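Fold and geometry: a report
Read off the chains here:
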Protein chains: 2
Amino acid sequence: MGIIVQKFGGSSVANLEKLGYVAEHIITEKKKGNKIVVVVSAQGKTTDKLISEEAEITDSPNEREHDVLVSTGEQITTAKLAMLLNEKKQKALSLAGWQIPIITNSEFTNSRIRYIHNETIEEYLNSGNIVIVAGFQGVDESGNITTFGRGGSDTTAVAIAASLKAERCDIFTDVDGVYTSDPRIVNTVKKLKTISYDEMLEMSSMGAKVLHNRCVEIGKKYNVPIYVKSTFEKNSIGTLVTDKNLEDLVINGVTKDDYISRITLVGLENKIGKTYQLFRVLSRNLINVDVIVQSFGEHITKDIAFTVKMNDLKKTLEVLEKNKKELGFQDVLHSENLSKVSIIGVGIANKPGVAADMFEALYENNINMHMISTSEIKISVLVNSNQADLAVNSIHKKFFGE
Amino acid sequence: MGIIVQKFGGSSVANLEKLGYVAEHIITEKKKGNKIVVVVSAQGKTTDKLISEEAEITDSPNEREHDVLVSTGEQITTAKLAMLLNEKKQKALSLAGWQIPIITNSEFTNSRIRYIHNETIEEYLNSGNIVIVAGFQGVDESGNITTFGRGGSDTTAVAIAASLKAERCDIFTDVDGVYTSDPRIVNTVKKLKTISYDEMLEMSSMGAKVLHNRCVEIGKKYNVPIYVKSTFEKNSIGTLVTDKNLEDLVINGVTKDDYISRITLVGLENKIGKTYQLFRVLSRNLINVDVIVQSFGEHITKDIAFTVKMNDLKKTLEVLEKNKKELGFQDVLHSENLSKVSIIGVGIANKPGVAADMFEALYENNINMHMISTSEIKISVLVNSNQADLAVNSIHKKFFGE
């Protein structure tokens, strides 16, 4: 008798009707003779509502209290779902993060799991219960409530699956799997049967927001098979995220990330430590840098370009200006309204000509590339945002056909 | 430096504006050099809303899960109030029942406190924090969330005050103290400066719903001075509930309890054990009996009369009918639409003529009494409900004047 972990997100549990679908999925797996652990998010807009009430109180909420506040949303869902399953003659009970407990570090609003005690869950499973776990939350070693940041219920689910050595973890969502691109941009998208953890990591960090990155990292580390499935389709097969890509596709997806700005520092002193100093200053000011490209200029200076989110642009320019003397550069240039278009696939490293195919697709459509960056399983280019959808479509067509 | 416990109920914390008043009361006491523990209820109609959502799921909610669900309301208030106090430059933090912990028995929805660990609260108080405690909830020895039933936040507050040996416990509410009667019935009510625990117990069980009975019992047992004050009046002195009545009033209050029915069993066998048997049968069927009066009839039978809430009447009559043979009575009579009017005061036991004064007031207004019952500090009579307000007013006038 295996253990299956099922996770249902906020839109899957938004109201009583939807909780009914959720209950069906649970009971179906239970009837197959499995032990079921269910992880749930807060219902619909519950977390948003709590956060907007918080914003009325203060601009800078105490982070410990923020976690106390928002963790109630998941707790409410667990109790309701347990009651509904009881009503359907199923033994079920709820557990909050601290009741398991899921021990985390003390970084409020964005804590990381240290370890999960299996005893409580196992005891309840062994006495025939469906165990409903509040996602997204844990408790630190001093007994404070902690949360994992948005999307953290995915992390709860996969971490519990890893800890219990579950057969698999099903992530139920409103789409029935992972697609080769965003169907709102490309109308010939294909659903993937499987995708590797690494590709999924690149996909989700690139704007294909199907799975929370940390959950994929944990899945990879402990080799948990993760299925992305639809809550509202019966017999949804979904996409399997696993350690190897079982399909013979060169690339698995084309993604797009908007609202990017590029900053170029011209004439940076070509001295050891200057690059380090630059990114240390930015990180101290909590600015997230994405792509970095360095090109050497004359022998005593160099140019360095990097991207930041557009809403960090103003702050970044201010920080650079303030530290101009210390960092020792001549000038700052910047461009706004850029998008990052990427292709992702383990095939990229082994198949020659992938980059050429991608660039050809862009060339054929007269799309200019402002920056190129490559890795083992990914090639990204910066394009003007008004050409980004065209870029995604032309690349998708090149690799997947019409 | 003393410890003060302040409790604010649901209407006192209903929205951000009202939380502002609450914060003022807290900061005022803090500035006097006191250590402050605050106990809060769920905001406004939060608990009602959760219960109505629960009712959509099931008619018979699992009681463990009910407690998981409704305990979130208080948790939300604690986090918001802590944030608001932080915003006002005060060190403050929230504690849920399980974080203190407040250990209870496992009777879900109506659990009783076993003991309170002081260490966590004391540690936070000693490091200068205002400690905000979620009312109405605790945790049993297996780590399940428990709640105390409606009004349980009063109990939390007084129990914590007792445990920490606080100087006093202030119960903030929307009225500024305890009155000699219900101002909606009597327009010449007077506010009491003090009232004894015993009188308060009789008052609150009689329909003057100012304090939860269990909180008064705990206050009495551990001799905690309890002040009932108004949240929305500055410098409200309120009413002190304490071990002795410091005022020289014969009675302290006139109360009314509606929706009562009287049941009379005629010709009950006058045998030892029959009375016990009768009330055992009723309690096994969860029927709460209030006043009991027994009058002897012929030597082999007796009559016995008692009151139950009107919504228990049908069930009571059914239970009696089903057990008629075993209980051995001849007939059942009943009257509906009765009200119990009572006077309460430690003076009753010592001052002669109090009962006579009460009955005279009723006689002068042509009000018939259907049952009389007396105790050391209370005299109750049953009257027709349509005469109950007149009864309360005439008695109030007799004892307190115009």
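Along each chain, residues carry numbers from 1 onward, in the same order as the chain's sequence is written. Labels are handed out in written order, letters beginning with A for the chains and numbers beginning with 1 for the ligands. Where totals are concerned, whole chains, interfaces and linings use all residues; where local detail is concerned, this predicted model gives features only for residues with pLDDT of at least 70, and gives and counts side-chain atom pairs only at 80 or more. Computation of side-chain values: all heavy atoms of the structure, hydrogens and water removed.

1. Regarding the overall build of chain A
Put simply, the test is: In this text, helices come from DSSP runs of H or I with a minimum length of four residues, and strands from runs of E with a minimum of two, each type numbered from the N-terminal end. This radius of gyration counts C-alpha atoms alone. The globule rule is 2.2 Å times how many residues there are, raised to the power 0.38. Partly exposed describes any residue whose relative accessible area lies between the buried limit of under 20% and the exposed limit of over 50%, with all areas from a 1.4 Å probe on protein chains only and scaled to the type maximum. Two residues form a contact once any of their heavy atoms are found within 4.5 Å. Working definition of accessibility: Shrake-Rupley area with a 1.4 Å probe, residue cover restricted to the visible protein chains. Only four residue types enter the charge count, namely Lys and Arg as positive and Asp and Glu as negative; His and the chain termini do not. Charge placement uses NZ in Lys and CZ in Arg. For Asp and Glu, CG and CD serve respectively.
Regarding its fold elements, chain A presents 13 helices and 18 strands. Its C-alpha atoms give chain A a radius of gyration of 23 Å, near enough to 21 Å, the size a compact globule of 402 residues would have. Overall size of chain A, expressed as C-alpha extent along the three principal axes, is 75 × 50 × 35 Å. A burial count over chain A gives 56% of its 402 residues as buried. Contacts in chain A between residues at least 24 apart in sequence constitute 75% of all its contacts with a sequence separation of at least 6. Accessible surface computed for chain A: about 17700 Å², of which carbon and sulfur atoms make up 48%. On chain A, the mean spot of the 47 positive side-chain charges and the mean spot of the 51 negative ones are 3 Å from each other.

2. Thoughts on the interface of chain B and chain A
Cut-off, in case you're wondering: Buried area: the accessible area, evaluated with a 1.4 Å probe, that two parts lose upon being put together, summed over both parts. Note on definitions: salt bridges are taken to be side-chain nitrogens of Lys or Arg within 4 Å of carboxyl oxygens of Asp or Glu. Polar contact is defined as a pair of N or O atoms within 3.5 Å, subject to the rule that within protein one atom must be able to donate a hydrogen and the other to accept it, and that residues adjacent in sequence are counted only when both atoms are side-chain atoms. Each residue gets one label: Ala, Val, Leu, Ile, Met, Phe, Trp, Tyr, Cys and Pro are nonpolar, Asp, Glu, Lys and Arg are charged, and the others, such as Gly, are polar.
On the chain A side, the residues contacting the 38 residues of chain B number 39 residues. Taking both partners together, chain B and chain A bury about 3100 Å²; carbon and sulfur atoms supply 62% of that area. Counting the surface chain B buries against chain A, the share from its top three residues, Ile57(B), Met83(B) and Trp98(B), is 23%. Across the pair Lys80(B) and Glu53(A) runs a salt bridge whose closest N-O atoms are separated by 2.5 Å. Summed over the shared surface of chain B and chain A, the number is 16 residue pairs in polar contact (both at pLDDT 80 or more). Breaking the side of chain B that touches chain A down by element, the ones donating at least two residues are helix H2 (46-57), helix H3 (63-87) and strand E3 (92-95) of chain B. Here the side of chain B that touches chain A takes 17 residues from H3(B), the largest share from any one element. Among the residues making up the side of chain B that touches chain A, the classes are represented as 18 nonpolar, twelve polar and eight charged.

3. Comments concerning unusual backbone geometry
Residues and elements named next belong to chain A. In this structure, Pro101 follows Ile100 across a cis peptide bond, with omega equal to -20°. Positionally, Pro101 belongs in the loop between strand E3 (92-95) and strand E4 (102-104). One non-glycine residue, Phe136, lies in the positive phi region at around 75°. Mapped onto the secondary structure, Phe136 falls in the loop between strand E6 (130-134) and strand E7 (137-139).

4. A look at the pattern of salt bridges
Evaluation of the coordinates by the stated rule reveals 40 salt bridges over all chains. In this structure, the salt-bridge partner of Lys340(A) is Asp290(A), at a minimum N-O distance of 2.3 Å. Of the two residues, Lys340(A) is situated in strand E16 (residues 331-344) and Asp290(A) in strand E14 (residues 289-296); the sequence distance between them amounts to 50 residues. Taking relative accessible area as the criterion, Asp290(A) reaches 39% and is therefore assigned partly exposed. Taking the shortest distance from any N to any O, the salt bridge between Glu29(B) and Lys32(B) comes out at 3.2 Å. Residue classification places Glu29(B) among the buried residues on the basis of a relative accessible area of 7%. Lys32(B) gets classed as exposed once you look at its relative accessible area, which sits at 57%. Within this structure, Glu29(A), Lys32(A), Arg168(A), Asp170(A) and Lys229(A) form a network of salt bridges that share partners.

5. Section: helix H1 (residues 16-31) of chain B
All names here are of chain B. Note the threshold: By this rule the span expected of a helix is its residue count minus one, scaled by 1.5 Å.
Compared with an ideal rise of 1.5 Å per residue, which puts 16 residues at 22 Å, H1 spans 22 Å between its outermost C-alpha atoms and is within 8% of the ideal. As for H1, its buried residues are in contact with strand E1 (3-8), strand E2 (35-40), H3, strand E6 (130-134), strand E9 (168-173) and strand E11 (226-230). Capping the start of H1 is the job of one residue whose side-chain oxygen sits 3.2 Å from the backbone nitrogen of Glu17: Asn15.

6. Some remarks on the sheet that holds E9(B)
Residues and elements named next belong to chain B. Rules: The pairing criterion for strands is at least two bridges between them, as found by DSSP. Comment: axis = line fitted to C-alpha atoms, over the contacting stretch for helices; angle = value between 0 and 180 degrees taken between N-to-C directions.
Taken together, the eight strands give an open sheet; going across it, the order is E3-E6-E2-E1-E9-E11-E12-E10, and neighbouring strands pair in mixed fashion. Among the strands making up the open sheet, the edge pair consists of E3 and strand E10 (194-196). For this sheet, the mean angle separating the axes of adjacent strands, direction not counted, is 20°. Strand direction decides the pairing type here: E10 and strand E12 (residues 239-242), joined by three bridges, are parallel. Counted as the bridge partner of Ile195 is Val241 from E12.

7. Some words on the relation of the copies chain B and chain A
Between the two chain copies there is a screw-like relation: a rotation about an axis and a shift along it. Let me state the cut-off plainly: Residues reaching a pLDDT of at least 70 in both copies supply the C-alpha atoms on which the copies are superposed by least squares.
In screw terms, the move from chain B to chain A is a rotation of 179° and a rise of 0.1 Å along the axis, fitting with an RMSD of 0.2 Å. Considering both components of the superposition, the chain copies are consistent with a two-fold axis. Within chain B, Thr72(B) has its C-alpha nearest the rotation axis, a separation of 2.7 Å. Comparing interface residues between copies, 100% of those in chain B also lie at the interface in chain A; the contact surface is shared.

8. Digging into H3(B)
Residues and elements named next belong to chain B. The terminal C-alpha atoms of H3 lie 37 Å apart, and with 25 residues this matches the ideal 36 Å at 1.5 Å per residue to within 8%. Of all 25 residues making up H3, 22 are buried, and the element is well covered by its neighbours. Here H3 starts with a cap whose side-chain oxygen sits 2.9 Å from the backbone nitrogen of Arg64, and that cap is Asn62. Just beyond H3, the residue with positive phi is Lys89, at close to 65°.

9. Focus on the confidence of the model for chain A
Basically, it comes down to this: One number per residue, pLDDT, summarises how confident the predictor is, and it ranges from 0 to 100.
Per-residue confidence for chain A averages 90 on the pLDDT scale, and 95% of its residues sit at or above 70. Two numbers describe this predicted complex: its pTM, 0.80, and its ipTM, 0.78.

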